[in-house]
Each structure stands twice: as C-alpha cells, then as structure tokens.
Amino acid sequence: MTSIYIIRATLENITPLQTLSVTTFRETYEAYNTPEDMQHHLSTHFNTAQLSTEINSPDISYYIAFQQNTPIGYIRLNTGQAQTDLKDQDTLEIERIYVLQQFQGLKAGQLLLDKAIAVAREKKAAFIWLGVWTKNEKAQAFYHKQGFVPFGQHIFRLGADEQMDILMKRDI
Ligand SMILES: CC(C)(COP(=O)(O)OP(=O)(O)OC[C@H]1O[C@@H](n2cnc3c(N)ncnc32)[C@H](O)[C@@H]1OP(=O)(O)O)[C@@H](O)C(=O)NCCC(=O)NCCS
C-alpha cells in the first residue's frame, strides 16, 4: 500500500483544500439534503475568501492527507473562540474530518485523527470533542472505535435546515 502523509495547509494549498471540502461534503450529504440547502452551504463555507481567512486564523488549522501527490482527505481543528460550541481554552474541536470516498478504509482518517491528538497534546488540551449528525451512523461508529463517547447535542444548520448533532469527546 502506498504511504499516506499529512501536511498542515497553508494558502498555497487553498485549491486542493477547496476541492476536497466540496467533493467530500457532496459525497457525504447530497443524498439527504435539498439542492438549495447544499448549494447555500457549499458557497457560504467553502469559498476561497472564507477558507483563506480560516487558514490565517490562529485558532483554526487545516491538515491535508496525501497519497503520493494526490490530496485524499482533510481535517479542520478549532481552538478557543473558533470552536462552534464549548469555547473553553483547554479543549480542541474537530469540526471536519473527511476522506474522499474512493480512498476511505486506507487509514487516512486514522492518520488525520492522530494529527488532531498530537496537536491537542501539544496545546495541553484536556479533551478533543466534535459534533456528528445523528443520521451519520458510519462516522459515529468510526469515532466510537477511536474512543469517543457521547456527551451532549447541538444544532447544526445546513442551509435552511436545522439538524441535530451528537457531541462526542475523547480524553487525550
Ligand atoms: C469517517 C472517516 C473520516 C474515516 O476515515 P477512513 O480513512 O475511511 O478510516 P480509516 O481507514 O483510517 O480507519 C481507521 C480505523 O477505523 C475503523 N473504521 C473506519 N470507518 C469505520 C466505521 N464506519 N465503523 C467502524 N469502524 C470504522 C477502521 O476499520 C480502522 O480500524 P482498524 O485500524 O482496526 O482497521 C471516513 O470514512 C469519511 O470521510 N467518511 C465520510 C465523511 C464523514 O462522515 N466525516 C465525518 C463527519 S462528522
């Protein structure tokens, strides 16, 4: 198997990051949402200006997984005020972790999660947390296997649709 490696995204990686963001979001959620809600979400959250601002934020970091020269997945980590909930100084949120469908099952998700754990340890975070859609049972099973346990719920807005997320956390 070809080895997978992870890099921290900079502005130089904006194009692959945008492509990964849009493609993986479509692959994961298109079947469950209206085209209008999807379009609104994709254009609001994954436009170049928005992603550039986020890459430059001290509280947000993106990491991209590559197989050879092909970008195959990414993770977005938030600390401090960039977190979508909690916002404690000693917690770290995984806001997004996505691997292209055709590359799933090759341990890219594992490597991206390992990177999140390393960053959390570096920052001396107490725990890592995330929100996962109640209907996304596949991701819940992945997190469960990786030691995450449920601890609450919050609302995630996709276009005009309000969806319930399960909050899960893992000590580090
Ligand atoms: C969830 C996701 C990131 C996992 O990444 P991946 O690269 O496919 O997973 P890996 O190959 O790294 O798997 C790592 C381990 O988790 C296990 N695993 C992966 N998916 C699993 C699942 N759905 N259920 C149970 N275990 C799972 C693997 O078997 C492997 O365990 P092993 O080391 O004992 O063999 C990926 O499948 C994905 O992008 N899914 C769609 C997007 C998504 O839902 N993201 C989360 C949004 S909240």
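Keep in mind that this is a model prediction, so the values were computed, not measured.

A. Quick peek at the overall build of the protein chain. When helices and strands are counted, the protein chain shows five helices and seven strands. When the elements of the protein chain are put in sequence order from the N terminus, they spell out β-α-α-α-β-β-β-α-β-α-β-β. Here the C-alpha atoms of the protein chain give a radius of gyration of 15 Å, agreeing with the 16 Å that 2.2 N^0.38 yields for 172 residues. The C-alpha extent of the protein chain, read off along each of the three principal axes, is 40 × 40 × 30 Å.

B. Layout of the site of the ligand. The environment of the ligand is formed by 22 residues, the closest being Val99, Lys107, Gln110, Asn136 and Lys145. At 2.9 Å, a backbone N or O of isoleucine 97 approaches a nitrogen atom of the ligand. In this structure, glutamine 146 approaches the ligand through a side-chain N or O atom, which is 3.4 Å from an oxygen atom. Out of a free accessible area of 930 Å², the ligand has 78% covered by protein chains. Mapped by element, the contributors of at least two residues to the shell around the ligand are helix H1 (14-29), strand E4 (91-99), helix H4 (108-122), strand E5 (127-133) and helix H5 (137-145). At six residues, H5 tops the list of elements feeding residues into the shell around the ligand.

C. Spatial organisation of the UniProt feature "domain: N-acetyltransferase" (unreviewed entry) in the protein chain. UniProt's feature table lists "domain: N-acetyltransferase" (unreviewed entry) at residues 12-172, given in the numbering used throughout. In residues 12-172, helix accounts for 37% and strand for 34%; the two terminal C-alpha atoms are 31 Å from one another.

D. Representation of unusual backbone geometry within the structure. With phi around 85 degrees, lysine 107 is a residue other than glycine that occupies positive phi space. Following the sequence through the fold, lysine 107 ends up in the loop between E4 and H4. Accessibility expressed as a relative area gives 54% for lysine 107, which makes it exposed. Look at lysine 124: it is not a glycine, yet its phi comes out positive at around 55 degrees. Note that lysine 124 resides in the loop between H4 and E5. Under the relative-accessibility criterion, lysine 124 is labelled exposed at 71%.

E. Structural context of the packing of H1 against helix H3 (residues 48-56). Between H1 and H3, the least distance of the axes is 10 Å, while the angle of their chain directions is 115 degrees. With respect to each other, H1 and H3 are oriented roughly perpendicular. For the pair H1 and H3, the crossing hand works out as right-handed. Counted together, Ile14, Leu17 and Gln18 of H1 and Thr48, Leu51, Ser52 and Ile55 of H3 form the full contact between these two elements. Each residue belonging to the contact of H1 with H3 can be placed in one class, and the counts come to four nonpolar, three polar and no charged.

Criteria and thresholds
- Residues numbered from 1 in each chain as written.
- Predicted model: local features only at pLDDT ≥ 70, side-chain atom pairs only at ≥ 80, totals over all residues.
- Heavy atoms only, no water.
- Helix = DSSP H or I, 4+ residues; strand = E, 2+ residues; numbered from the N terminus.
- Rg over C-alpha atoms; globule rule 2.2 N^0.38 Å.
- Near = heavy atom within 4 Å.
- Polar contact = N/O pair within 3.5 Å; in protein donor to acceptor, adjacent residues only side chain to side chain.
- Areas by Shrake-Rupley, 256 points an atom, 1.4 Å probe, with all protein chains shown as cover.
- UniProt positions renumbered as here; feature names shortened; annotations may be inferred.
- Buried < 20%, exposed > 50% of the residue type's maximum accessible area, 1.4 Å probe, protein only.
- Axes fitted to C-alpha atoms, helices over the stretch in contact; angles between N-to-C directions.
- Parallel < 35°, antiparallel > 145°, perpendicular 65-115°, else oblique.
- Left-handed = near helix turned anticlockwise from the far one by under 90°.
- Contact = heavy atoms within 4.5 Å.
- Nonpolar A, V, L, I, M, F, W, Y, C, P; charged D, E, K, R; others polar.

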